Each structure stands twice: as structure tokens, then as C-alpha cells.
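# Analysis of the macromolecular model
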2 protein chains.
Amino acid sequence: MLDRTAVAVTIPLLSVSVLRCYSQADQKRGSVVPNDKQWTAPLIAIAVDLAVFTVLAGRFVVLLVERGIEPDLGSLALPGGFLSTVDEDLTRAAMRELTEETGLDPGQVHLEQLATYGTPDRDPRQRVVTVCYLALTPTPGTPAAGGDARHADWYPVEEILAEPGQLAFDHAQILTDAVERARSKLEYTTVATSFCGAEFTMSELRRVYEIVWGRSLDARNFHRKVLAVPDFVRPTGAQTTRNGGRPAALYRPGEAWLVQIPILRARHEGARDVH
Amino acid sequence: MLDRTAVAVTIPLLSVSVLRCYSQADQKRGSVVPNDKQWTAPLIAIAVDLAVFTVLAGRFVVLLVERGIEPDLGSLALPGGFLSTVDEDLTRAAMRELTEETGLDPGQVHLEQLATYGTPDRDPRQRVVTVCYLALTPTPGTPAAGGDARHADWYPVEEILAEPGQLAFDHAQILTDAVERARSKLEYTTVATSFCGAEFTMSELRRVYEIVWGRSLDARNFHRKVLAVPDFVRPTGAQTTRNGGRPAALYRPGEAWLVQIPILRARHEGARDVH
DNA sequence: TCAAAAGTGTTGAGATTACACCCATGA
DNA sequence: TCATGGGTGTAATCTCAACACTTTTGA
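An unreviewed UniProt entry annotates chain A as NUDIX hydrolase of Micromonospora humidisoli.

### Regarding the protein's contact with DNA strand D
Every one of the 21 residues lining DNA strand D counts as a neighbour, but Ser203, Gly245 and Arg246 of chain A together with Asn221 and Arg246 of chain B are closest to it. Protein-adjacent atoms of DNA strand D, using a 4 Å cutoff, are sugar or phosphate at a proportion of 47%. Pro247 of chain A places a polar main-chain atom, nitrogen or oxygen, 3.5 Å from a sugar or linking oxygen of DNA strand D. Between DNA strand D and Arg224 of chain B, the relevant distance is 3.4 Å, taken from a base nitrogen to a side-chain nitrogen or oxygen of the residue. The biggest single contributor to the surface near DNA strand D is helix H7 (residues 219-228) of chain B, with 4 residues. Of the residues assigned to the surface near DNA strand D, the class counts are 5 nonpolar, 7 polar and 9 charged.

### Observations regarding the pattern of salt bridges
Residue and element names in this part refer to chain B. One pass over the full model with this rule turns up 28 salt bridges over all chains. Residues Arg183 and Glu158 are paired through a salt bridge, measuring 2.9 Å at the closest nitrogen-oxygen approach. Of this pair, Arg183 sits in helix H5 (residues 171-188) while Glu158 sits in helix H4 (residues 157-162), placing them 25 residues apart in sequence. Note on Arg183: relative accessible area 25%, which makes it partly exposed. Judged by relative accessible area, which is 48%, Glu158 ranks as partly exposed.

### Let's talk about the nonpolar core
Within soluble globular proteins, side chains that are nonpolar tend to cluster in buried spots. Core analysis: the largest hydrophobic core is formed by 47 residues, its most contacted members being Ile46 and Tyr133 of chain A together with Ile46 and Tyr133 of chain B. Leaving out residues up to four positions away in the same chain, Tyr133 of chain B has contacts with Val48, Asp49, Leu50, Ala51, Leu90, Thr91, Ala94, Leu111, Glu112, Gln113 and Leu114 of chain B. Judged by nonpolar contacts, the second largest core, of 45 residues, contains Phe200, Leu217, Phe222 and Phe232 of chain B.

### Some points on the protein's contact with DNA strand C
Around DNA strand C there are 21 residues in total, and Asn221 and Arg246 of chain A together with Ser203, Arg246 and Ala249 of chain B lie nearest to it. Arg224 of chain B is positioned such that a nitrogen or oxygen atom in its side chain is 2.9 Å from a base oxygen of DNA strand C. Where the surface near DNA strand C is concerned, the elements lending two or more residues are helix H7 (219-228) of chain A together with helix H6 (202-213), H7 and strand S9 (248-253) of chain B. Broken down by element, the residue count for the surface near DNA strand C peaks at 4 residues, all from H7 of chain A.

### Let's talk about the packing of aromatic side chains
Residues and elements named next belong to chain A. Overall, the coordinates contain 9 aromatic pairs over all chains when judged by the stated rule. A ring pair is formed by Phe53 and Phe60, whose centres lie 5.0 Å apart and whose planes are at 20 degrees; its orientation type is stacked. Of the two residues examined, Phe53 and Phe60, each falls in the buried class. What links up through ring pairs into an aromatic cluster is the set Phe53, Phe60 and Phe195.

### Digging into the side chain of Thr201 of chain A
Residues and elements named next belong to chain A. As for its position among the elements, Thr201 is in the loop between helix H5 (171-188) and helix H6 (202-213). Judged by relative accessible area, Thr201 falls into the buried class, the value being 0%. Among the polar contacts made by the side chain of Thr201, one reaches the side chain of Asn243 at a distance of 3.4 Å. Thr201 has contacts with Thr240, Arg242, Asn243, Ala248, Ala249 and Leu250, leaving out every residue within four places of it along the chain.

The rules behind these values
- Residues numbered from 1 in each chain as written.
- Chains lettered and ligands numbered in written order.
- Predicted model: local features only at pLDDT ≥ 70, side-chain atom pairs only at ≥ 80, totals over all residues.
- Heavy atoms only, no water.
- Near = heavy atom within 4 Å.
- Polar contact = N/O pair within 3.5 Å; in protein donor to acceptor, adjacent residues only side chain to side chain.
- Helix = DSSP H or I, 4+ residues; strand = E, 2+ residues; numbered from the N terminus.
- Nonpolar A, V, L, I, M, F, W, Y, C, P; charged D, E, K, R; others polar.
- Salt bridge = Lys/Arg side-chain N within 4 Å of Asp/Glu carboxyl O.
- Buried < 20%, exposed > 50% of the residue type's maximum accessible area, 1.4 Å probe, protein only.
- Core = buried A, V, L, I, M, F, W, Y, C linked by side-chain atoms within 4.5 Å.
- Contact = heavy atoms within 4.5 Å.
- Phe/Tyr/Trp six-rings, centres within 6.5 Å; stacked < 30°, edge-to-face > 60°.

If you want it as C-alpha cells, here you go:
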């Protein structure tokens, strides 16, 4: 690999005047002139945004910040920020934002790329392309505000989706996509354990599904279905009575990721609502 | 929305020296100093790459170009390129590349975002973040080379995946992800019709599944399963004998997108290979 | 008449749901 | 002893893959 510092100087960079040039629709093409051996491309600001979910007090909640700067000052927004350097890896940036916001141990969270949003006018200040990540975590401590954010807190997903106008930029769309992804991931993967602590009972795991999907599940069938998936969960051998009633076996997450037979077949008819 | 030209001048831009500064690992932070009201971020080159698939002569094939410039001159690569201007929409850029490469009518193709790849050293020249798209098309005419590409052609997916070293950059990973996405999308959506022409028979549609999945399906059960999905396909009323044997009804794609009951339940045991 | 492809009917194996029933604890 | 949640057993139902069988064409 070439030396970065040496390479950098061979790359024509945008000047203010070139950026102006780009912005004029009648000069879409030709605003960057590739010369013989050099290599040109418009340079754009890249952000990383996070849709962080957890289950808190029986509700499916998302981490949002209250914007402390314009535009959309005072609106709610997904936490996020720009790459800290041109060399920062995308996933690393997402992880950095996540630990900054939640203080969580990265080993406890599930983090996956959701999608990239890059409509030219999604940020009124400048062209910003944002790579969004989905994060599922066990309930963490109090989230910390910082950077552009005045305040960070957990908000029930249903309430935010019911009033999407509260969200800044195109974050309503991103949140919708993230919720859909999270819900469907529960069906085909073992990711639900990411919402639980290190050890959990069957009913605690079932609660996760019930809360995220907003419907009740048969505790007995659920129990068998989870145990039928090889290495979905591993018994610790210990028991707990923290939920009352008969002592329940404690489990730890297993190594399995894909669930062959979905935990619940999609059927949106006779499902009773939970809460 | 603010006037772009006016905004541009208020944004601190990278100079060559600032970019150099970013490249030095010991100065990761602090290389951009945010001042009071202004707003800073590292600027990065954004590319759009395409994994274009079709079914050609009974094979599942992908469109690849032979690179005409360094690095990886002579290697195969996914077609793609940089945004043509800082204001170009990501999806529009993908569509532009697609029509440039295949000459297809955009109405005929299925185009969806796959993922974004941004490992800092994935391109040895400079930091490049590439937003990749998955495209599924009916068999088009001869693909056209152009830009960085010496030559563009369709290559059987199996053969390329068997020798991933032929691919430039991280395109082997991208292709793997794209193939996986394409295969699983067939199971839960009606996207397979995107591989067929405007009108097709049941066995032609079934062939798509067989070729992409690399396994044979029971023609009779397939037939019923497709018709069981509301508005998966619509009969045109016409028939054809182009495949020999008894005349087959012709269908057009319907409006349905999601298939509630997967076309084939995942079971990778007793499946016979096709071809 | 035969081969080949299209399309319908049926059946047995297996999966799934709904729920009866028993277990173990705390209050 | 009772309420509460944990966990097992089972029967009716549903689904699906497998395949026998009929239909309609071209050669």
C-alpha cells in the first residue's frame, strides 16, 4: 500500500470555488476535470447515526437526543456524528458514538449496519451522507448527552412513531426502517438475547419478544421453541425466583445466530395486543 | 432551505495540508477544530458500486468489468464510480451507472441498496466509502464498457465465488453479500419476476429459482404456491408453446411484494443440485 | 403414437397451536 | 393454602412435500 501522506498531495481537492461550481445544477458534469494520471471525486461529509434500542420498564424504547444546535434546534434526533478523522472506520465510529452515548461495554451490544441515507438536501447546511447503524442493548445506565446534544434519553418507540414530526432531518424514516429491521431480526435470529442481561430466564426472553412485537406469546410453546433451536441458549444450571412463582432456570446466550424455524410465524390477525 | 452557494463559503474545507494532518494517526483528534458557529467534518470520496445479476443461458451471472487502470489493473471488479457531483443522489447515481453499463430501461430493473463498505484501506489511493446496490434485471443486451473499465461482461456467480482472488478491492466480500441477499430475497419477496421478461410462464419463473438457488423444485408444488400468493402474478390470458409440450399460460408480474409463506422452506438436505 | 411440458388431486408425515395439567416457590 | 409463574404432555389441526394422474401440444 502506498504511503498515505504522499498520496494525499496528488489528489486534487475541492476548493471553495470548486464546491460552488458543484452546487450549480447547470454544471453537474465537468465540474471535476480528471487529468491524465490523477483521480478525482467530489468530497462529501460522512456521518454515522445510531438507532439504539432497548427494553425498559416493559416498553420498547429508542435512544434519542435533543438537538442543542441549529438546524432543528430542540428537535429529537438519533445520536450520531461525523467521522472523527478521514481514516476512521465506519463500524469503529459507530462503536465510538455508542459507547460515548450509553457507556455500555461493546461486548454486550449487537451492532449492525442498517442503511445509508444520502438524499442531497437531507441536511440544509451541506451534503451529508449518513451511514446508519442498528444497536440492540441490554438496559444500560443513564445515557450521557454531549456534542450537539442538549440531552439524551430513552423514548418509547410507539409514541415517537405516532408523532414522527418531532424528529429532525430524515430521522423518522431511519427510525421506521430500524424498527422494522429489529422486529424482523427477532424472527429469524437469536438477537433477542442482546436485550437481556448476561443471564436471563425464559420468561424474561419471552417478554422481549412480546414487548418488541407488541403481542403476547404462549409461554409454554415459546419455551419449547427456543430450546428446540440448537445452542440458542445455554442453561447456567442456576435458578432464580426473581420473577416470583416457581424457580426458573437461568440461561446464557448460545452461539447460534440463525433460527431455521421462525420463533413465530408471521400472522397479524388474531394476535392480542400486549400493554 | 438555505441557498447552497451562500452556505458553501461558510464551511471550512479541507486543504492539502489538512488532509495530510488527518492521515497521521497520532493526530486523530483535533485535526479539525470546530469554531463557534461553524461546522466541520472530514470530507471523503463517495463511490457507488453495483452488483448486477441476471439469468443467462441457464446460469446465474453477475456483471463485472475488467479494470483498465491501476490499482488492480486487469482484475475484475463490480461496475461503479464516484458521484458525478456533490449534489447527486445516491440512488440516482446507482441508476445512472446501471443504465450506462447495461442500457436497460430503469423501469425493468429492481434496484435496492445493499450495504456501505468503508474500511479505511479498501482503496490504496485514498479513503473511499462505497455505497453498494443490488440490481436484478431481465437478460439485457451486450453490456457496454466505459470509464475505468476496459471491458464489461457477464460472469457465472459460482465460478467467480470459487476464485474470489480475481476481484479487485473488497469486491469479493461485496459480491458474497450481494449473492446472499439476492438468494434470500427470492424466498420472501416476489422479486424473482425481475429476472423474467414482461411476460413469462410458470416454468420460466421456476427456472429462475432453480438457477439462483442451484437446486431443483417440484414444478407442481411451485405452481400452486405462486398462485396461492395474492397478486404475485397476473395471468395475461395468452398461452405459449415456446418451451415445448402442452401450452403454458403466460403471466405478468403482480403488485404483491412480500410473500407470507416462503416459496421454499429452508432445508438444505435432500435438495438435488441442478446442472 | 410418443415424448415433453402443463396442470390437478390426494395423501401421509411432520409441524404447530391451544390448552389441560403438574411443579415449586413465597406470602 | 393459595396465588403466581415455571414447565411437560397431548390431541386436533394445519401445512407441505411427494407423487399419481390427466391434459395438450409437437414431432
